[in-house]
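# Architecture and fold: a report
Residue strings, one per chain:
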Amino acid sequence: MKRVRLITIALCAVLTAGVALASWYDDYDAGLKALHDGQFQVVVQKMTSALSGNSKESNNARTYGAIFINYHPYYYRGVAYMNLGKYKEAEADLERTSGPGAVDRGSVDALMREVKAKLAEVSTQPPVTETVRPVPTQTVAPPPITPAMDNALRSRAERAVGEARSHLQSAQQRRATASPEYGKALDQFSQMNTRFANAKSNDDLNTVIAMTDNVIMYADSAQAAAVAVTTTQPPTTSTARATSATQAVLGDTTRRLRRAFQNYFNGDFDEATRDFQSLANDMPKNAWIWAFLGASQYSQYAFEADETYKASAISAFRKAKAYGKWKDGLPEKYFSKKIRKAFKENAG
């Protein structure tokens, strides 16, 4: 019971953390702008720089905070090489890419067929003998394919995500993260951010922009819980000694719990997962720890759509159910509607 009280006290702590934009993302963004302007040599330079900072392509690459992008530098560098007539380099990049990015310049298979056709055409040309003076020819790059999405609309959607995130941070500063409204705002933001990261059309971007109002409405209405003012009697000697002994024994555990809860309620689910996993190793039968570990892992799944996170969350939820007594499921005060639904459907 003492640990449960400690956890309840620690739930009130919230931390607003700022993060800086990674340099590889700057290069990637500059490369996309150069692609739009037809500056293919610049595209090669910028995508090469981005790859030196992050060589792993992903549909949900994390740039900063809870912002994710469709990251496919090999694809765009391959497209640029094609437009520059460097077909061998284009072939190498297209073999390494996992697919088109947000700006679709054609399927990988279609582009690869075109590259191989160009390479075959070059290889079948008759060799030029020393006695024949070659006639200089100018390589004409194929016309760029029209982007599938409006770059201006994508910029608006990106600004919308940033605006929604700033309102969530304001709610965090008001210490309102335990309110139901904040939970709804966080759920809406998760859906909005995932939709933006996987956007394939202008309709997807318009949907992201439309979701901004809901996130802002819920975030702005979230308020901190009122703190009841009570008059307490001075602690007796035995009570004071018991409190002091508790702090001495659980001092490090209390600090670790506080950090884990701060990361969770701030939306830093990667850090929260590591913190709660460490605590679960030390307190393997604490139902609350398993519940928050599962909630952190399921939130990672919601942001990144990685089934590994979902499987880990389900395992943690089942342990929370086994070690705890949850009369009506996870409490609404600490867990969002999405998390409580996932717990109910998967805890067994």
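Residues numbered from 1 in each chain as written. Predicted model: local features only at pLDDT ≥ 70, side-chain atom pairs only at ≥ 80, totals over all residues. Heavy atoms only, no water.

Their axes nearest at 9 Å, the elements helix α13 (residues 307-323) and helix α14 (residues 337-346) cross at an angle of 75°. What the angle tells us is that α13 and α14 run roughly perpendicular. Listed contacts from α14 to I314, F317, R318, A320 and K321 of α13 are I339, A342, F343 and N346. In the contact of α13 with α14, the residues fall into six nonpolar, one polar and two charged. (Axes fitted to C-alpha atoms, helices over the stretch in contact; angles between N-to-C directions. Helix = DSSP H or I, 4+ residues; strand = E, 2+ residues; numbered from the N terminus. Parallel < 35°, antiparallel > 145°, perpendicular 65-115°, else oblique. Contact = heavy atoms within 4.5 Å. Nonpolar A, V, L, I, M, F, W, Y, C, P; charged D, E, K, R; others polar.)

This part covers helix α3 (residues 40-53). Here α3 spans 20 Å end to end across 14 residues, near enough to the 20 Å set by a 1.5 Å rise per residue. Among all positions of α3, only F40, V43, V44, M47, A50 and L51 are buried. Taken down its axis, α3 places every buried residue within 135° of arc, on the same side. Seen from the buried face of α3, the exposed residues on the opposite side, beyond 90 degrees, are S52 and G53. Residues of α3 that are buried sit in contact with α2 (23-36), β2 (67-71) and α4 (73-83). (Expected span 1.5 Å × (residues − 1). Buried < 20%, exposed > 50% of the residue type's maximum accessible area, 1.4 Å probe, protein only. Arc of directions from axis to C-beta.)

Residue placement: H167 occurs in helix α7 (residues 151-173). A distance of 2.8 Å separates polar atoms of two side chains, one belonging to H167 and the other to D220. (Polar contact = N/O pair within 3.5 Å; in protein donor to acceptor, adjacent residues only side chain to side chain.)

Turning next to helix α8 (residues 180-197). The end-to-end C-alpha distance of α8, which contains 18 residues, comes to 26 Å, matching closely the 26 Å that a straight helix rising 1.5 Å per residue would cover. By the burial criterion, the buried members of α8 are Y182, G183, A185, D187, Q188, F189, S190, M192, N193, T194, F196 and A197.

Take the packing of aromatic side chains next. Centre-to-centre distance and the angle between the planes together describe a pair of aromatic rings. For the coordinates displayed, the defined rule picks out 17 aromatic pairs. A centroid spacing of 6.3 Å and a plane angle of 25° characterise the contact between W288 and F292, whose relative ring orientation is stacked. Residue W288 and its partner F292 are located together in helix α12 (residues 287-304), separated by four residues, close to a single helical turn. The class for F292 is buried, based on a relative accessible area of 0%. With a centroid separation of 5.4 Å and 85° between ring planes, the pair formed by F317 and F343 is classed as edge-to-face. Of this pair, F317 sits in helix α13 while F343 sits in helix α14; the two residues are 26 residues apart in sequence, bridging distant segments of the chain. Linked through ring pairs, F261, Y264, F265, F269, F276, W288, F292, Y334 and F335 together constitute an aromatic cluster. (Phe/Tyr/Trp six-rings, centres within 6.5 Å; stacked < 30°, edge-to-face > 60°.)

Along the chain, G324 falls in the loop between α13 and α14. Linking G324 and K285, residues 39 residues apart in sequence, is a C-alpha distance of 8.6 Å.

This part covers the layout of surface pockets. Space inside the largest pocket adds up to approximately 560 Å³. Lining the largest pocket are 32 residues, with G183, D187, S336, K337 and K338 positioned closest to its centre. Of the residues forming the lining of the largest pocket, the biggest block, nine residues, is contributed by α8. Partitioning the lining of the largest pocket into residue classes produces 15 nonpolar, eight polar and nine charged. (1 Å grid on protein atoms, 1.4 Å probe; cavity = no way out; pocket = protein on both sides within 12 Å on 5 of 7 lines; lining within 4 Å. Points joined across faces, edges and corners; volume = space filled by probe spheres on them.)

Regions with low pLDDT should not have their predicted coordinates read in detail. With 79% of its residues at a pLDDT of 70 or more, the protein chain has an overall mean of 78. Confidence drops under a pLDDT of 50 for residues 4-22, and excluding neighbours within four residues, the segment shows 43 contacts in the predicted structure. (pLDDT = per-residue confidence, 0-100.)

As a further point, take the pairing of strand β1 (residues 58-64). Judged from the four bridges that link them, β1 and β2 form a sheet pairing that is antiparallel. Note on β2: the bridge partner recorded for A61 is I69. (Pairing = 2+ DSSP bridges.)

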